[in-house]
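Here is how the chains run, residue by residue.
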Amino acid sequence: MSRRSRRRKSQGFTRRTRPGAAPGTLVHDPLAPRPAIHVIAYGTDQAVERNIEDVDAIRPLLERWPVTWINIDGLGDAAVIRRLGRLFQLHKLALEDVINVHQRAKVEQYENCTFIVARAAYEKSRLETEQVSLFLGANFVLTFQERAGDSFDAVRERIRKAGGRIRSAGPDYLAYALLDAIIDGYYPVLEAYGEKLEDLEDEVLLHPAEELIHRIHQARRDLLWLRRAAWPLREAVNSLHRDPSPLVADETRVYLRDCYDHTIQIIDLLENYRELAAGLLEVYLSSMSNRLNEIMKVLTIFAAIFIPLGFIAALYGMNFDPGVSPWNMPELRWAWGYPFALGLMAAVAGGMLMFFAKKGWLPGRARSRARRRQPTEKTAVD
């Protein structure tokens, strides 16, 4: 129950604004971490990187540098988010979507910026997804994340190194690089689930056990959750690539098309893994059914053998007196009567086993006969 409650909490959502509240009402999660602001401002020849506590300290960087990337980790202070909204002139509805982290991936155009919502996926102790909100402006990129830790370290390293394309391009290319990092972050997660499914397949075929059914269902739920995150992301990237926008240059649209191709690949992998997980469930049920059939076959063979043995034992257990009539079981007065009865039982049991083996009804004999037939059948086909 504790694992289920934690998973429902991580994959569900709780809307904190009351029904009927005014549009743009910001109510933050009291358990969310406080915002930590990290700024990277750069041009072709130079870049600066700072951790900022006061929102007003961002304004000089915006005025000086061609591109400024402001990243906020944590959404636990609505007042800070309102101040950032006033500084960048962000629409209040977009800010409401930022703080309510259950949004589908989407792209919305406003007067002075483009608002992008994406969902990042991480595989830690369990599957986790996170909403990343991105604002693309004329000379800035503003990103909001639910907590610290992301897949943007490679982008930061590219900005720190002089001479790369990202240093000479505008904020639209930076937005593309961040989206590309989010999308590429799905690949390690899918690789991990591919290995899990392979391990589950081996265990289902070799050692089917009851606990495997729970692991298969868990994998199917996680893959379904990833699918819900990836499908809208594909449409969002396609909209950003195709819809005209003065903030996205034509050179950047070529890279966004590559992002769109990556989302298609991710969705294809997800569909394949979901089908494989569903097939594993069927294989598990089939394996358990075959195992039960083997057990029932062995028990049936034992029962079939003991039926005639029980008849012989019951026959010689009847209370007939040989002294009354010579037909009343003369074997009872015979010195070898008991060994004869045991030998008869052994002969009957052995004969039945030989008969079962000749028919291929014994489990081991059936498999060996099937293996011996395979080369013959293959040779006949050749």
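Quick note: structure is the one above.
Now for a quick tour of the structure. (Residues numbered from 1 in each chain as written. Predicted model: local features only at pLDDT ≥ 70, side-chain atom pairs only at ≥ 80, totals over all residues. Heavy atoms only, no water.)

### As for the packing of helix α10 (residues 250-316) against helix α11 (residues 337-359)
Then step 1. Following both chains from N to C, one finds α10 and α11 inclined at 155°, their axes separated by 10 Å at the closest point. In terms of orientation, α10 and α11 fall into the roughly antiparallel class. Between α10 and α11 the crossing geometry is right-handed. Contacts between α10 and α11 pair I301, A304, I305, P308, L309, I312, A313 and Y316 from the former with F340, L344, M345, V348, A349, M352, L353 and F356 from the latter. (Axes fitted to C-alpha atoms, helices over the stretch in contact; angles between N-to-C directions. Helix = DSSP H or I, 4+ residues; strand = E, 2+ residues; numbered from the N terminus. Parallel < 35°, antiparallel > 145°, perpendicular 65-115°, else oblique. Left-handed = near helix turned anticlockwise from the far one by under 90°. Contact = heavy atoms within 4.5 Å.)

### So, the packing of helix α7 (residues 171-184) against α10
Then step 1. With their axes 10 Å apart at the nearest point, α7 and α10 run at an angle of 10° to one another. The pairing of α7 with α10 is recorded here as roughly parallel in orientation. On α10, the residues that touch D172, Y173, Y176, L179, D180, I183 and D184 of α7 are T252, Y255, L256, C259, H262, T263 and I266.
Then step 2. Class assignment of the residues belonging to the contact of α7 with α10 gives a composition of eight nonpolar, three polar and three charged. (Nonpolar A, V, L, I, M, F, W, Y, C, P; charged D, E, K, R; others polar.)

### As for the nonpolar core
Then step 1. Within the largest apolar cluster, 64 residues are counted, with the highest numbers of intra-cluster contacts made by W69, V155, L174 and L226.
Then step 2. For L174, the contacting residues outside a window of four places in its chain are Y42, V67, W69, V141, V155, I159 and I166. (Core = buried A, V, L, I, M, F, W, Y, C linked by side-chain atoms within 4.5 Å. Buried < 20%, exposed > 50% of the residue type's maximum accessible area, 1.4 Å probe, protein only.)

### What to know about the sheet that holds strand β2 (residues 47-52)
The strands that make up a sheet are held in pairs by hydrogen bonds between backbone atoms, and each pair lies either parallel or antiparallel.
Then step 1. In spatial order, the strands read β2-β1-β3-β7-β6-β5-β4; together these seven strands make up an open sheet with mixed pairing. With partners counted over all chains shown, the strands left at the sheet margins are β2 and β4 (106-109), one partner each. Going from strand to strand, the sheet's axes swing by 15° on average, the running direction of each strand aside.
Then step 2. Sheet topology note: the strand β3 (residues 67-73)/strand β7 (residues 140-145) ladder contains six bridges and is parallel. In the strand pairing of β7, I70 is matched with L142. (Pairing = 2+ DSSP bridges.)

### Observations regarding the packing of aromatic side chains
Then step 1. One pass over the full model with this rule turns up eight aromatic pairs.
Then step 2. Here the aromatic rings of F88 and F140 are separated by 4.6 Å at their centres, their planes lie at 45°, and the arrangement is tilted. With F88 in helix α3 (residues 78-88) and F140 in strand β7, this pair connects stretches of sequence that are 52 residues apart.
Then step 3. Seen in terms of ring centroids, F135 and F144 are 6.1 Å apart; in terms of plane orientation they differ by 80°. Their pairing is edge-to-face. Like F144, F135 is buried. (Phe/Tyr/Trp six-rings, centres within 6.5 Å; stacked < 30°, edge-to-face > 60°.)

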